[in-house]
Amino acid sequence: MRIFAASLATETNSFSPIPTNRESYESTIYFRPGEHPDRGTLCTAPLWVARRRAKQEGFELIEGSCFWAEPSAPTQQASYESMRDEILDQLRAAMPVDGVLLGLHGAMIAHGYDDAEGDLIARVREIAGPKAVIGVELDPHCHLTEKRVRGADIVILFKEYPHLDFVERAEELVTLVLKAIRHDIKPVTSLYDCGMIDVYPTSREPGGGFVEKMKKLEGRDGVLSVSLGHGFMQGDVPEQGTRVLVITDNAKTHGDALAKELGAEIREKRGTWYPEYLSYDDAITAAYAEPKGPVVVADPSDNAGGGAASDNTNIIRRLLERGMTDAAVGPVWDPIAVQFCHAVGIGAKLPLRFGGKTAPTSGLPIDAEVTVIGLAKDATQSFGSARTKIGDAAGIRVGGVDVSLISHRAQALGTEIFSAVGIDLSTKRYVGVKSTNHFHAAYAPIAAKVLYCDGEGPSPLDARKYPFTKARRTIWPHAELPDGRMIV
Ligand SMILES: [Zn+2]
């Protein structure tokens with residue numbers, strides 16, 4: 001048995017000011033065949049899992065290239081085509097294969113390709129042939145288009161948000177692909193469109209319970225896998241929206257009924273999945289009203305994990321204007337400010353301009369006399385078993401606010417974005433993180449309380465604020481909830 005595996009992934013924010021080309025991928029994750037390290041990353045887990053399973057179970061794995069770029073604007077056309085064709089050439093050279101494993105994200109847009117993953121899967125099918133089993137792992141913040149779902153045999157999404165289950169889901173994908181190759185199962189897909197878009201953290205209810213429900217449905221009555229495609233509201237594509245995906249062992253009628261039933265629950269609970277969020281000024285007031293800290297305040301609107309620049313200064317400025325102390329905010333993406341801090345060293349004071357550079361939604365830069373309190377070279381932060389880059393970093397103190405400055409754009413995942421640059425969160429009343437919900441895994445355990453606010457960055461959580469030209473405005477919350485419908 002021969003299986004080919006590769007990865008090409010990013011999450012495209014159609015409104016991001018940050019251009020994306022091949023260099024954006026190569027500077028983040030680019031593993032040529034055989035170069036993948038011995039640990040999983042979010043979108044390359046199928047290859048990494050298959051490498052271990054190949055040794056244990058005696059099939060041959062042919063490794064292709066793996067690419068990942070931090071979320072940003074649509075990928076330049078020639079860059080997408082060169083990465084895609086690199087993988088397709090590797091697959092051609094690997095033929096014949098019985099199966100193909102693709103670690104994708106699912107919200108990638110390239111210029112000329114609204115459905116980049118659909119394009120890649122269709123081309124993989126052309127090469128691999130109709131009998132090969134194509135298995136795909138996606139992030140739930142994907143566009144579950146008809147083309148990609150029909151093009152692949154088995155599509156499995158991470159269930160958890162924060163996405164700490166990427167390895168478990170990859171294990172399931174490999175297991176089902178192997179079974180399908182051996183003809184032990186006949187995977188059949190049911191895909192239901194909920195007619196809406198929302199944000200679904202699973203670190204709270206009702207999202208956590210919904211994950212448990214999906215898991216309990218699997219492994220009985222012919223149900224092989226159940227996934228919720230949250231959708232990604234920053235991606236301006238025709239099929240944006242929330243969809244339920246059920247894969248059964250040749251039990252289409254049951255799969256359809258289940259997808260509709262789960263979809264009905266999603267629809268019923270619309271607007272309740274994400275916690276209420278405050279204005280950033282109210283969030284500051286609420287945080288300092290708590291008897292003890294640290295109160296962790298998330299700002300999803302400037303989440304680099306969703307394509308924002310992560311250099312909006314509104315909250316820092318307001319903390320300074322209000323004279324707040326014992327506060328920390330991060331990460332702020334500003335490679336130039338980081339360079340200046342490294343040049344002067346820990347303990348030095350300097351007049352520094354930081355943040356507020358990338359776009360109007362970044363706010364204005366802050367000019368202040370700051371003290372450098374910590375420096376780190378080539379720093380990383382943890383996310384489950386994965387480690388991700390933040391690059392050279394600096395901690396600065398300005399008034400009563402400590403700020404983590406980073407040079408490789410990233411959202412707040414691990415607490416290392418602060419601890420690596422001399423910022424002790426245990427002494428803080430207010431800890432501001434730029435992230436939508438991935439922060440929750442590492443920060444909730446140290447928080448006296450978690451709040452969410454709108455920092456007025458470029459990625460608000462209200463879908464109605466985006467100037468869509470392609471995404472449907474006939475779905476909720478743009479319009480009254482339409483009927484849901486089966487797509488596949
Ligand atoms: Zn995601």
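Everything quoted here is computed from the prediction, not taken from an experiment. For every chain, the first residue of the written sequence is number 1, and numbering continues from 1 along that sequence. Residues qualify for local features only when their pLDDT is at least 70, as the model is predicted, and side-chain atom pairs are given and counted only at 80 or more; totals for whole chains, interfaces and linings, by contrast, use all residues. Water and hydrogen atoms play no part in the side-chain values, which are based on all heavy atoms of the structure.

A. Seen up close, the overall build of the protein. By the criteria applied, helices consist of DSSP H or I runs no shorter than four residues and strands consist of E runs no shorter than two, each listed in order from the N terminus. Helix and strand counts for the protein stand at 13 helices and 19 strands. Put simply, the radius of gyration uses C-alpha atoms, and a globule should come to 2.2 Å times the residue count raised to 0.38. Relative to the compact-globule value of 23 Å for 488 residues, the protein shows a C-alpha radius of gyration of 22 Å, a close match. Projected onto its principal axes, the C-alpha positions of the protein cover 65 × 45 × 40 Å. Accessible area is worked out with a 1.4 Å probe on protein chains only. A residue is then buried under 20% of its type maximum, exposed over 50%, and partly exposed in between. Counting the 488 residues in the protein, one finds 63% classified as buried. The criterion used for residue contact is that any of the two residues' heavy atoms lie within 4.5 Å. Looking at the protein alone, contacts between residues at least 24 apart form 75% of all its contacts between residues at least 6 apart.

B. Layout of unusual backbone geometry. The linkage connecting Met95 with the following residue, Pro96, adopts the cis geometry, with an omega of 0°. Inspection of the secondary structure assignment puts Pro96 in the loop between α3 (77-94) and β4 (99-104). The peptide bond linking Gly330 to Pro331 adopts the cis configuration, its omega dihedral lying at -10°. By the element assignment, Pro331 lies in strand β12 (residues 327-333). Even without being glycine, His183 reaches a positive phi, approximately 65°. In this fold, His183 is placed in the loop between α6 (166-181) and β7 (187-193).

C. Representation of the sheet that holds β12. Pairing between strands is defined by DSSP: at least two bridges between them are needed. If you walk across this open sheet you meet the nine strands as β10-β18-β11-β17-β12-β16-β15-β14-β13, and the pairing is mixed. Each edge of the open sheet carries a strand with a single partner, namely β10 (278-279) and β13 (349-354). Inspection of the sheet shows strand β11 (residues 295-298) paired to strand β18 (residues 449-454) by four bridges, in the parallel sense. Its bridge partner being in β18, Ala298 is matched across the sheet by Tyr452.

D. Layout of the coordination of the zinc ion. Coordination shells were defined by N, O and S atoms within 2.8 Å of each metal, extended to 3.2 Å for Na, K and Ca; water is absent from the atom set, which can make sites look incomplete. Distances from the zinc ion to its protein donors, Asp139 (OD), Asp139 (OD), His141 (ND1) and His163 (NE2), fall at 2.1 to 2.6 Å. For the zinc ion, the four donor atoms in the first shell make angles of 55 to 148° at the metal, a pattern classed as irregular. For His163, a relative accessible area of 0% corresponds to the buried category. A four-donor site is called tetrahedral if each angle lies between 85 and 135 degrees; a four-donor site is square planar, and a six-donor site octahedral, when trans pairs exceed 155 degrees and the remaining angles lie between 65 and 115; all other cases are labelled irregular.

E. Structural detail: the pattern of salt bridges. A pair is scored as a salt bridge if a Lys or Arg side-chain nitrogen falls within 4 Å of a carboxyl oxygen belonging to Asp or Glu. Under the definition given, this model contains 41 salt bridges. When the shortest N-O distance is used, the salt bridge between Arg84 and Asp119 registers 2.9 Å. Here Arg84, found in helix α3, pairs with Asp119, found in helix α4 (residues 116-128); they are 35 residues apart in sequence, far enough to count as distant. Between Glu239 and Arg243 there is a salt bridge, with the nearest N and O atoms lying 2.7 Å from each other. For Arg243, a relative accessible area of 2% gives the class buried. Here the salt bridges do not stand alone but share partners, grouping Arg52, Arg53, Glu57 and Glu171 into one network.

F. Structural detail: the pairing of strand β5 (residues 133-138). Among the six residues in β5, six count as buried, and that is most of the element. On β5, burial covers both faces: Val133, Gly135 and Glu137 on one face and Ile134, Val136 and Leu138 on the other are all buried. In the sheet, β4 pairs with β5 via five bridges, with the strands oriented parallel. When the sheet's bridge partners are listed, Gly99 is paired in β5 with Val133. Running through α4, the crossover from β4 to the neighbouring parallel element β5 is right-handed. Taken together, the four bridges between β5 and strand β6 (residues 154-157) define a ladder with parallel strand orientation. Of the residues in β6, the one forming a bridge with Val136 is Val155. Here a crossover is taken to be right-handed if, once the strands point away from the viewer, the path from the first strand over the helix to the second is traced clockwise. Taken together, β5, helix α5 (residues 146-151) and β6 form a β-α-β motif whose crossover is right-handed.

G. Structural view of the sheet that holds strand β9 (residues 243-249). Strand order in this open sheet of four strands is β8-β9-β7-β19, and the pairing throughout is antiparallel. Both outer strands of the open sheet, β8 (223-229) and β19 (485-486), are each paired with one neighbouring strand and no more. Bridge analysis of β7 against β19 gives two bridges, and the strand direction is antiparallel. Bridge pairing in β19 places Tyr192 opposite Met486. Where helix α8 (residues 252-268) meets the sheet, its contacts fall on β7, β8, β9 and β19, and the angle it forms with β7 comes to roughly 30°. In this analysis, axes come from line fits to C-alpha atoms, helices being fitted only over the stretch in contact, and the angle between any two N-to-C directions falls in the range 0 to 180 degrees.

H. Quick peek at the packing of aromatic side chains. Centres within 6.5 Å are what make two rings of Phe, Tyr or Trp a pair, Trp counting through its six-membered ring; a difference in plane orientation under 30 degrees is then read as stacked, over 60 as edge-to-face, and the rest as tilted. Scanning the entire structure with this criterion turns up 12 aromatic pairs. Here Tyr30 and Phe67 contribute two aromatic rings whose centre-to-centre distance is 4.8 Å and whose plane-to-plane angle is 10°, an arrangement assigned as stacked. Remark: Phe67 occurs in strand β3 (residues 60-68) and Tyr30 occurs in strand β2 (residues 29-31); sequence separation between them is 37 residues. Phe67 carries the same exposure label as Tyr30, and that label is buried.

I. Region of interest: the side chain of Ser227. Along the chain, Ser227 falls in strand β8. Polar contacts involving the side chain of Ser227 include one to the main-chain amide nitrogen of Leu157, which spans 3.1 Å. Those residues in contact with Ser227 that lie beyond four places of it in its chain are Val155, Ile156, Leu157, Met214, Arg243, Val244 and Leu245. Throughout this description, a polar contact denotes any pair of N or O atoms lying within 3.5 Å of each other; where both atoms belong to protein, one of them has to be capable of donating a hydrogen while the other can accept it, and for residues adjacent in sequence the pair is counted only when both atoms sit in side chains.

J. The arrangement of the side chain of Thr145 in detail. If you trace the backbone, Thr145 turns up in the loop between β5 and α5. Among the residues examined, Thr145 registers a relative accessible area of 5% and is labelled buried. At 2.7 Å, the side chain of Thr145 and the side chain of Asp115 are in polar contact. Not counting residues up to four positions away in its chain, the partners in contact with Thr145 are Asp115, Glu239 and Arg243.

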